[in-house]
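Residue-level structure breakdown
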Amino acid sequence: MIQILHNPRCSKSRAGVKYLENKDVDFEVISYLKEPLKREQLQDILNKLDMKPSDLIRKKEAIYKELNLKEASEDELLDAMVANPKLIERPIVINGNKAVVARPDSEIEKVL
């Protein structure tokens, strides 16, 4: 089943959900802000994306600056994203062993 890590307050995330709806595919919405991901889950997603935590973290978020993460290690960044899910880039669409950051939403085609 296709999954989308979704933040309803994010316009890009809403566009990703709409894209999937328009494609008429079954998908599951993961509200990762309400139910934060465990470290293992986030690491699995990073593996599917073929990314490091530094590639997926939102560097413009205030919490990134507050936590002084600019010099943080990859492990520290991963822990920061688990503790502060707002730091995770969104939306992320997962289909089996593949995943994409759906920015722009047309990136979703790569996993359909």
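Structure report, in brief. (Residues numbered from 1 in each chain as written. Predicted model: local features only at pLDDT ≥ 70, side-chain atom pairs only at ≥ 80, totals over all residues. Heavy atoms only, no water.)

Some remarks on the overall build of the chain
The condition that has to hold: To qualify as a helix, a DSSP run of H or I must reach at least 4 residues; to qualify as a strand, a run of E must reach at least 2; elements of each kind are numbered from the N terminus. Any residue under 20% of the maximum accessible area for its type is buried, any over 50% is exposed, and the rest in between are partly exposed; the area is computed with a 1.4 Å probe on protein chains only. We call two residues in contact when some of their heavy atoms are within 4.5 Å. Each accessible area is a Shrake-Rupley result for a 1.4 Å probe, and residues are judged covered by the shown protein chains and nothing else. All tallies of charge rest on Lys and Arg as positive and Asp and Glu as negative; His and the ends of each chain are not included. By convention, the charge on Lys lies at NZ, on Arg at CZ, on Asp at CG and on Glu at CD.
Regarding its fold elements, the chain presents five helices and four strands. With respect to the three principal axes, the spread of C-alpha positions in the chain is 40 × 25 × 25 Å. When the 112 residues of the chain are sorted by exposure, 42% land in the buried category. Contacts spanning at least 24 positions in sequence make up 61% of the contacts within the chain whose residues lie at least 6 apart. Carbon and sulfur atoms form 45% of the exposed surface of the chain, whose accessible area is close to 6700 Å². Charged side chains of the chain number 20 positive and 20 negative; the gap between the two group centres comes to 6 Å.

Here's the deal with the layout of surface pockets
Stated formally: Cavities and pockets were defined on a 1 Å grid built over protein atoms only: a cavity is a set of grid points that admits a 1.4 Å probe from which the probe cannot escape, a pocket is an open set flanked by protein on both sides within 12 Å along at least five of seven lines, and lining residues are those with an atom within 4 Å of any such point. Grid points are joined across faces, edges and corners, and a volume is the space filled by probe spheres set on the points.
Volume-wise, the largest pocket comes out at about 240 Å³. As for the largest pocket, its lining consists of 13 residues, and the residues nearest its centre are Gln-3, Ile-30, Leu-37, Gln-41 and Ile-45. The set of elements that each furnish at least two residues to the lining of the largest pocket consists of strand 1 (2-5) and helix 2 (39-49).

Considering the pattern of salt bridges
Filter applied, for reference: Each salt bridge in this description consists of a side-chain nitrogen of Lys or Arg and a carboxyl oxygen of Asp or Glu lying within 4 Å of one another.
Across all of its chains, the model carries eight salt bridges by this definition. Close ionic contact of Arg-39 with Asp-79 constitutes a salt bridge, the shortest N to O distance being 2.6 Å. Note that Arg-39 is positioned in helix 2 and Asp-79 in helix 5 (residues 74-83), a separation of 40 residues in sequence. A relative accessible area of 29% places Arg-39 in the partly exposed class. With a relative accessible area of 38%, Asp-79 lands in the partly exposed category.

What to know about the pairing of strand 4 (residues 98-101)
The two faces of the sheet receive side chains in turn, since in a regular strand these alternate between them. In plain terms, the rule: Paired strands, in this sense, are two strands between which DSSP finds at least two bridges.
Bridge count for strand 3 (residues 92-95) against strand 4 is four bridges, and the pairing is antiparallel. Pairing of Val-93 across the sheet is with Val-100, part of strand 4. Where strand 3 folds back on strand 4, the antiparallel hairpin that results is connected by two residues, among which Gly-96 adopts a positive phi of roughly 65°.

Here's the deal with the nonpolar core
As a reminder of what qualifies: Working definition of a nonpolar core: buried Ala, Val, Leu, Ile, Met, Phe, Trp, Tyr and Cys residues. They are joined through side-chain atoms within 4.5 Å.
Counting residues in each nonpolar core, the largest one holds 23 residues, and the members touching the most others are Leu-5, Leu-42, Leu-56, Leu-69, Ile-88 and Ile-92. Secondary-structure elements contributing two or more residues to this core are helix 2, helix 5, strand 3 and strand 4. Among all residues touching Leu-5, those that are not within four sequence positions of it are Ser-13, Ile-30, Tyr-32, Leu-37, Ile-45, Arg-90, Pro-91, Ile-92 and Ile-94. Counting 11 residues, the second-largest nonpolar core is a separate cluster that includes Ile-2, Leu-20, Phe-27 and Ile-108.

Describing the sheet that holds strand 4
Worth spelling out the cut-off: Note on definitions: angles span 0 to 180 degrees between N-to-C directions of axes, and those axes are lines fitted to C-alpha atoms, for helices only across the stretch in contact.
Read across the sheet, four strands follow the order 2-1-3-4 without closing on themselves; strand pairing throughout is mixed. The open sheet is flanked by strand 2 (27-30) and strand 4, the only strands paired with a single partner. In this sheet, neighbouring strand axes are inclined to one another by 20° on average, regardless of whether the strands run parallel or antiparallel. Each of strand 1, strand 3 and strand 4 is contacted by helix 2, which is oriented at about 90° to strand 4, the strand it contacts most.

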